[in-house]
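Secondary and tertiary structure notes
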Amino acid sequence: MMVQKLRYRKLWGPVSSLETLQPYANTRTFYPVPKEQNGFIYAKIYGGFDKIRSAICDLVAIARLLNATLVIPEIQESLRSKGISTKFNSFSYLYNEEQFIAALSNDVIVVKSLPNDLKEARKKTKFPTVSPQNSAPPNFYLTEVLPKLKRSKVVGLIINHGGCLQSILPESMAEYQRLRCRVAFHALQFRPEIQILGNQIVERLRAFGRPYLAYHPGLVRDTLAFHGCAELFQDVHTELIQYRRKQMIQRRVVHEGLSVDSVARKKNGSCPLMPEEVGLLLRAMGYPPNTTIYLAGAETFGGQRILVPLRAMYANLVDRTFLCSKKELSSLFGPEYPLPSNLPHPPPVKSEKQLIEEWKKAGSRPRPLPPPPARPFYQHEKEGWYGWVAETDKEPDPSPLDLRMQAHRLLWDALDYYVSVEADAFFPGFNNDGSGWPDFSSLVMGHRLYQTASGITYRPDRKTLVELFETNRDNLYHPKRNWTVLVRDHLNQSLGVDGLLVEARLSKPASFLSHPLPECSCRTSKLPDISNPVKGKNGELLYGGEDRCPDWMVHGLAMVSVKATDAKDEEVEEGELPEDDNDLEGDSDSGSRIDARPAEQDDEMDPDD
């Protein structure tokens, strides 16, 4: 029984070296409530879920820095979609407006819209707009934006790159970092419909009393194109990645050539771990074949086909479409106006009189039969993001359906974000990619680090793992014992302080929310090995030097810990774990497969979806 408990702790936590870290984003110094305001700031945010979340947190800090009233930001990804439900405006499509305003009442004054007179002036473009660069320093806003704000009383910000305020701030601005944490982890609550469905998914994943692991592949077309990972895919997917990379070169987002060595990029850690590789790593760690794995992310480039090897190893690989009915998912976006059909219209039916007249005018007989009509392209061949490849070399502009699907992807990402944060373990396929953009996995890892630092959150070094795979390329499915030990040592090390520091040196300069330590945490006890704070190469704090948690928090955590330990022990006694590595090679018990699909049966899976 002791061996079983030890194995359970290694797979599902907690991580003992991080158990003393607790979330604590409250202010530490004098922090007056805002009174006299310099004016209003409104913002348009472009991009996907991760960019939106990062930009909102930065906007609140900027509003506090400029002593400005913040107008609820406009999420352009939802505004571009025509005919979405009138129940939501741009911000409330994802987040709870009332909670956002109330939670920040002591930090920043937030309003839903500009006053009517200023709203009319904005329509006439009487106010200046600024497009800050990614990770702009605070001095930019104090010297460039603040004078305009004082002069015109309203300034608009156009945000395209996600983060609009640099991640690392001076130590004197630590309160602004804690403000970012209060926004990201407390004020930015999803609207009730998303939270309710997210809770239902978590309950269904734990329906059998077993924990679950969330996995985000990170296979996103833009990211793959930026890093030049096209050769890792086949056929149409390679063409699509290269086409997007060509666009990025033309827009000067990418400063390299179109053709790059994808294998070299993979060895350098600049390309994602493929689902098959993640499955092999989880097997090496000792996760049994009946482990429940939740597949997160609105986009998995490559479709279901690329997930086949992982699903062969772990049959309980599920996603939101498996766990929720179509009715439950459609309830998130509410009633929407029907889009105009783009089906080809049939030719008008000719009357008998017209046909006779055409026959008479057709000329001498006998005459050859007309050629058969060209084969039509059916609707199922045109739908999807790749249908244009067969017809043209130029990607068409997004159709109304494409824009609506992009808005829906925000909801799917929000749902998966919620489930990933609540997961018992999390494995990223492609985090901290070096592009400087915020990414889904890094945001989830930062949220988990803040909320439950001791939870199982893997922080793999892709370069190291690719080297390990290269040394064992001929025996991937039957590795030698020493290879398995090396993989376990690396991934177990990534869970603790050493892995946290390696990740922090890479991720914190790009996104503070991916590593909100030590500013937004406290310790229940002081440990001798962290008396000296660990700093990065530019002097930024990475770990250690946290304040001691308040007494009320320490006493409350002690009571909760005793109850949680007793509950965990009961779960381990009832749960099933393999006794040795040989069990991992056997097939999973058919009775252990998760079966949480609602009564409604979905259509047959398309391998190209």
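Just so you know, these numbers come straight off a predicted model, no measurement behind them. (Residues numbered from 1 in each chain as written. Predicted model: local features only at pLDDT ≥ 70, side-chain atom pairs only at ≥ 80, totals over all residues. Heavy atoms only, no water.)

A closer look at the overall build of the protein chain
Looking only at helices and strands, the protein chain features 23 helices and 16 strands. By the burial criterion, 50% of the 609 residues in the protein chain qualify as buried. When contacts within the protein chain are restricted to residue pairs at least 6 apart in sequence, those whose partners lie at least 24 apart make up 80%. (Helix = DSSP H or I, 4+ residues; strand = E, 2+ residues; numbered from the N terminus. Buried < 20%, exposed > 50% of the residue type's maximum accessible area, 1.4 Å probe, protein only. Contact = heavy atoms within 4.5 Å.)

Brief notes about the environment of T471
Tracing the sequence through the fold places T471 in helix 20 (residues 462-471). The exposure class assigned to T471 is exposed, which follows from its relative accessible area of 62%. Between the alpha carbons of T471 and W483 there is a distance of 8.6 Å; along the sequence they are 12 residues apart.

Side note on the sheet that holds strand 16 (residues 547-548)
Taken in spatial order, the three strands of this open sheet run 1-13-16, and their pairing is mixed. Looking along the sheet, the strands with just one partner apiece sit at the ends: strand 1 (21-23) and strand 16. Across two bridges, the pairing between strand 13 (residues 521-523) and strand 16 is parallel. Residue pairing for strand 16: C522 is matched across the bridge by D547. (Pairing = 2+ DSSP bridges.)

Focus: the packing of helix 15 (residues 326-333) against helix 18 (residues 400-421)
At a minimum axis separation of 10 Å, helix 15 and helix 18 run at an interaxial angle of 110°. When the axes of helix 15 and helix 18 are compared, the pair comes out roughly perpendicular. Here helix 15 and helix 18 pass one another in a crossing that is right-handed. For the pair formed by helix 15 and helix 18, the contact residues are L329, L332 and F333 on the first element and H408, L411, W412 and L415 on the second. (Axes fitted to C-alpha atoms, helices over the stretch in contact; angles between N-to-C directions. Parallel < 35°, antiparallel > 145°, perpendicular 65-115°, else oblique. Left-handed = near helix turned anticlockwise from the far one by under 90°.)

Details of helix 19 (residues 440-451)
An ideal rise of 1.5 Å per residue puts 16 Å on 12 residues; helix 19 measures up with 16 Å between its terminal C-alpha atoms. Burial analysis of helix 19 places 11 of its 12 residues in the buried class, which makes it a mostly covered element. Within helix 19, the full set of buried residues consists of F440, S441, S442, L443, V444, M445, G446, H447, R448, L449 and Y450. Where helix 19 begins, one side-chain oxygen reaches toward the backbone nitrogen of S441, 3.3 Å away; that side chain belongs to D439. (Expected span 1.5 Å × (residues − 1). Polar contact = N/O pair within 3.5 Å; in protein donor to acceptor, adjacent residues only side chain to side chain.)

Description of the pairing of strand 7 (residues 154-159)
By the criterion of burial, strand 7 is predominantly enclosed, with six of the six residues buried. Side-chain alternation along strand 7 places V154, G156 and I158 on one buried face and V155, L157 and I159 on a second face that is also buried. Where strand 2 (residues 40-45) meets strand 7, six bridges bridge the pair, whose relative direction is parallel. Each residue of the ladder has a partner; that of I45, found in strand 7, is I159. In the sheet, strand 6 (residues 129-130) pairs with strand 7 via two bridges, with the strands oriented parallel. Of the residues in strand 7, the one forming a bridge with T129 is G156. With helix 6 (residues 138-152) bridging strand 6 and the parallel strand 7, this β-α-β connection has right-handed handedness. (Right-handed = clockwise from strand over helix to strand, strands pointing away.)

Take it as geometry only, folks, not as evidence of what the structure does.
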